[in-house]
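Coordinate inspection notes
Chain by chain, the residues:
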Amino acid sequence: MGRDDHQQAAPRHVRAAVLTISDTRTPDNDTSGDYLRHQLTAGGHQLSGSALVKDDATLIRPAILRLMVDAQVLITSGGTGITGRDVTIPVVESLITKPMPGFGELFRMLSYQEVRGAAMLSRAVGGLAGHTLIFALPGSLNAVQTAWEGLLRDELGHLVYEMTRHGQH
């Protein structure tokens, strides 16, 4: 089976959750989280959960684990940079059992076209954690739009298909 066959066999709708990680965002100004929730539901996907937590590993890890229970895909936004407060990536990497390095590589390639060398500051990652695909994105709306439109939107069903087709659950 080729990619086209996989796309045909893939589910059209998946269960997805969104986690915003930020010390400054609130439910009133969470533009990146709002964008992801809107795009997922507009695409016919089921929003299985959503949360907003501070950039603190002791809050991020339990929020991820809680959202993973019902989600096939979890998209996080925020905390992927290199500042002292950016702790999302170590938490996400500690949960990933099958990394997908191509996700981060492609995200930075797409970002480079928009922000040039500043793209190297992103530590965006993706991979499989148990029965959930996790994608950790930067917090800016532009970065989230880049990842959604350039990588995730058209591949969610295919990714879930690949995750489940050989009894991964």
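See the structure above.
Quick look at the structure, then. Not measured: the values here are computed from a predicted model.

**With respect to the pattern of salt bridges**
Per the counting criterion, the structure on display carries five salt bridges. Residue Asp34 pairs with Arg37 through a salt bridge whose shortest N-O separation is 2.7 Å. One end of the pair is Asp34 and the other is Arg37, both in helix H2 (residues 31-42) and three residues apart, which spans about a single turn. Using a relative accessible area of 36% as the deciding quantity, one classes Asp34 as partly exposed.

**Thoughts on a nonpolar patch on the surface**
A cluster of nonpolar side chains, contributed by Ile82, Met120 and Leu121, occupies part of the molecular surface with about 350 Å² of accessible area. Considering the arrangement of structural elements, one finds Ile82 in the loop between strand E3 (73-77) and helix H4 (88-95). Assessed through its relative accessible area of 60%, Ile82 is described here as exposed.

**Describing unusual backbone geometry**
One non-glycine residue, Arg116, lies in the positive phi region at around 55 degrees. Along the chain, the position of Arg116 falls in the loop between helix H5 (101-115) and strand E5 (125-129).

**A look at the environment of Gln8**
Structurally, the position occupied by Gln8 is in helix H1 (residues 3-9). Here the alpha-carbon distance between Gln8 and Ala119, two residues 111 residues apart in the chain, equals 33 Å.

**Some points on the layout of surface pockets**
To find leftover empty space, one rolls a probe the size of a water molecule over the atoms. Reported here for the largest pocket is a volume of approximately 300 Å³. The wall of the largest pocket is formed by 20 residues, among which Thr80, Ser122, Pro138, Ser140 and Ala143 lie closest to the centre. Counting residues per element, the ones that place at least two in the lining of the largest pocket are H5 and helix H6 (141-152). Broken down by element, the lining of the largest pocket gets its largest block of residues, four residues, from H5. Among the residues forming the lining of the largest pocket, the class breakdown is eight nonpolar, 10 polar and two charged.

**Topic: the pairing of E3**
Side chains on a regular strand alternate between the two faces of the sheet. Counting buried positions along E3 yields five of five residues, so the element is predominantly enclosed. Both faces of E3 are covered, namely the face carrying Val73, Ile75 and Ser77 and the face carrying Leu74 and Thr76. Where strand E1 (residues 15-21) lies against E3, five bridges are found, and the strand directions are parallel. Residue pairing for E3: Ala17 is matched across the bridge by Leu74. Two elements, E3 and strand E6 (residues 132-137), share five bridges in a ladder whose sense is parallel. If you follow Leu74 over to E6, its bridge partner there is Ile134.

Cut-offs applied
- Residues numbered from 1 in each chain as written.
- Predicted model: local features only at pLDDT ≥ 70, side-chain atom pairs only at ≥ 80, totals over all residues.
- Heavy atoms only, no water.
- Salt bridge = Lys/Arg side-chain N within 4 Å of Asp/Glu carboxyl O.
- Helix = DSSP H or I, 4+ residues; strand = E, 2+ residues; numbered from the N terminus.
- Buried < 20%, exposed > 50% of the residue type's maximum accessible area, 1.4 Å probe, protein only.
- Patch = residues over 30% accessible without salt bridge, like charges linked within 9 Å, V, L, I, M, F, W, Y side chains within 5 Å.
- Areas by Shrake-Rupley, 256 points an atom, 1.4 Å probe, with all protein chains shown as cover.
- 1 Å grid on protein atoms, 1.4 Å probe; cavity = no way out; pocket = protein on both sides within 12 Å on 5 of 7 lines; lining within 4 Å.
- Points joined across faces, edges and corners; volume = space filled by probe spheres on them.
- Nonpolar A, V, L, I, M, F, W, Y, C, P; charged D, E, K, R; others polar.
- Pairing = 2+ DSSP bridges.

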